[in-house]
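# Fold and geometry: a report
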Amino acid sequence: MIVGVPKEIYPGERRVALTPVVVPMLAKAGLEVAIEAGAGVEAGYPDGQYQEKGAKVLPDRAAVFAQTDIIVQVLGHGANDKNGDSDLRLMRRGQALVGFLRPLGSPSKDGKTDASRVQEIAQTGVTSFAVELMPRTTRAQSMDALSSMASIAGYKAVLEVANALPRIFPMMTTAAGTITPSRVLIIGVGVAGLQAIATARRLGAVVSAYDVRPAAKEQVQSLGARFVELPLETQDSQDARGYAKAQDEAFYAKQRELLGKVIAENDAVITTAVVPGKKAPVLVTAEMVKGMAPGSVILDLAAERGGNCELTRAGETIVEHGVTLIGPINLASGVPHHASQMYARNLTSFLANLVKDGKMRPPESDDIIRDTLLTQGGEVVNARVRELLGLPGLVAQTG
């Protein structure tokens with residue numbers, strides 16, 4: 001089977017789905033690689049490096065789709081709401097597609113809902129796999145692209161904040177006296193939050209963190225940060241997959257009231273709280289922003305999902321009440337070399353598990369394949385996605 005790597009077309013996207021180093025690994029699994037000319041250049045991987053490792057370089061996008069059995073992308077149609085639909089006409093029935101497809105995301109600005117995007121993929125007849133649906137199991141850990149990219153985003157978020165903050169992060173003893181360290185608050189201690197804590201600590205900031213899940217306290221403290229404890233009932237704070245669960249509005253109202261005082265004490269706040277398949281909860285109100293010192297910075301990693309801050313504008317940096325509000329989209333693309341390297345390793349593990357003896361294994365043979373399978377045979381077949389998108393359950397075939 002041949003794996004095709006088209007150049008990413010989302011505006012500003014610099015990552016590439018596979019890097020040269022994984023080509024021999026895929027060859028061991030019985031897979032050839034064909035890459036669109038120039039696909040890896042912006043991530044620091046020229047065509048020659050792919051050829052040296054045994055990959056074929058094809059002249060254009062149409063050739064990649066036409067000559068390969070499995071298409072791998074970073075942002076496929078669904079995750080790419082700008083121009084991803086241009087790939088639909090290139091896909092063909094029976095071909096496989098693997099990448100970020102945003103099956104659990106939010107409606108986008110062009111008016112299309114996730115249901116319509118996922119169904120557009122289904123209508124091409126491709127067998128698609130969404131990496132966002134990867135189960136959180138030990139066996140699937142090496143394939144968890146969502147965590148890999150969240151880790152990169154958490155790191156990059158701190159650098160963005162440090163650049164925007166009119167203060168330095170570490171304590172410094174200088175000829176002009178001692179400069180006190182900046183105080184940084186991380187809200188949401190998932191993969192991105194933990195990496196943000198570690199990075200802010202490395203830069204010398206005094207870091208505190210809050211999460212609705214009490215279990216996060218030990219992780220926060222292990223990184224040398226202070227865990228902010230709020231007197232809230234949080235017994236039912238995470239689902240079976242380890243993700244935070246959405247709470248009711250009364251809970252969020254009480255949380256905002258208590259968080260306001262903590263936020264006012266910090267120079268910078270990074271929010272990372274998202275709930276799969278739902279709009280991000282608003283944790284930082286306009287009133288809280290007003291209570292921060294002039295020159296403070298808020299970076300909202302949930303901007304694409306509606307934002308944790310009431311004033312966030314996705315894809316923009318604005319100033320309100322003297323506070324800089326950053327609403328980044330696609331932060332991982334800002335570190336394309338290593339982000340591509342990590343993503344390529346995740347995909348290689350996934351593909352090695354998916355393909356055996358030159359054929360794709362049936363979904364019922366493996367929980368990772370079953371959980372990530374999104375569309376097949378013209379239908380959206382993932383039960384979790386069908387439920388979230390309000391589609392009726394599939395009737396099992398008999399006989």
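Our subject is the structure listed above.
The paragraphs below set out a description of the structure included in this document. (Residues numbered from 1 in each chain as written. Predicted model: local features only at pLDDT ≥ 70, side-chain atom pairs only at ≥ 80, totals over all residues. Heavy atoms only, no water.)

## So, the sheet that holds strand E6 (residues 127-130)
- Read from one edge of the open sheet, eight strands run E3-E2-E1-E4-E5-E6-E18-E19, paired in mixed fashion. Among the strands making up the open sheet, the edge pair consists of strand E3 (56-58) and strand E19 (379-380).
- Two elements, strand E4 (residues 70-75) and strand E5 (residues 96-100), share four bridges in a ladder whose sense is parallel. Bridged to Ile-71 within E5 is Leu-97. (Pairing = 2+ DSSP bridges. Helix = DSSP H or I, 4+ residues; strand = E, 2+ residues; numbered from the N terminus.)

## Section: the nonpolar core
- Residues Leu-18, Ile-70, Val-72, Val-98, Phe-100, Tyr-343 and Leu-351 are the most contacted members of the largest nonpolar core, which totals 46 residues.
- At the level of elements, strand E1 (2-5), helix H1 (23-28), strand E2 (32-36), E4, E5, helix H5 (145-164), helix H10 (336-354) and helix H11 (367-372) are the ones that each hand at least two residues to this core.
- A per-element tally of this core places H10 first, with seven residues.
- Apart from residues no more than four positions distant in its own chain, Val-98 is found in contact with Ile-70, Ile-71, Val-72, Gln-73, Phe-129, Val-131, Leu-347, Phe-350 and Leu-351. (Core = buried A, V, L, I, M, F, W, Y, C linked by side-chain atoms within 4.5 Å. Buried < 20%, exposed > 50% of the residue type's maximum accessible area, 1.4 Å probe, protein only. Contact = heavy atoms within 4.5 Å.)

## Some points on the packing of aromatic side chains
- Evaluated as defined, the whole model comprises two aromatic pairs.
- An angle of 15° between the planes, with centres 5.6 Å apart, marks the rings of Phe-100 and Tyr-343 as stacked. Of this pair, Phe-100 sits in strand E5 while Tyr-343 sits in helix H10, placing them 243 residues apart in sequence.
- On the basis of relative accessibility, which here comes to 8%, the residue Phe-100 falls in the buried class.
- Taking the relative accessible area as the measure of exposure, Tyr-343 reaches 1% and is therefore buried.
- Each ring, one from Phe-129 and one from Phe-350, has its centre 5.6 Å from the other, and the planes form 65°; the classification is edge-to-face. Residue Phe-129 is located in strand E6, and its partner Phe-350 is located in helix H10; the two are separated by 221 residues in the primary sequence.
- Judged by relative accessible area, Phe-129 falls into the buried class, the value being 3%.
- Phe-350 sits in the buried class, given a relative accessible area of 2%. (Phe/Tyr/Trp six-rings, centres within 6.5 Å; stacked < 30°, edge-to-face > 60°.)

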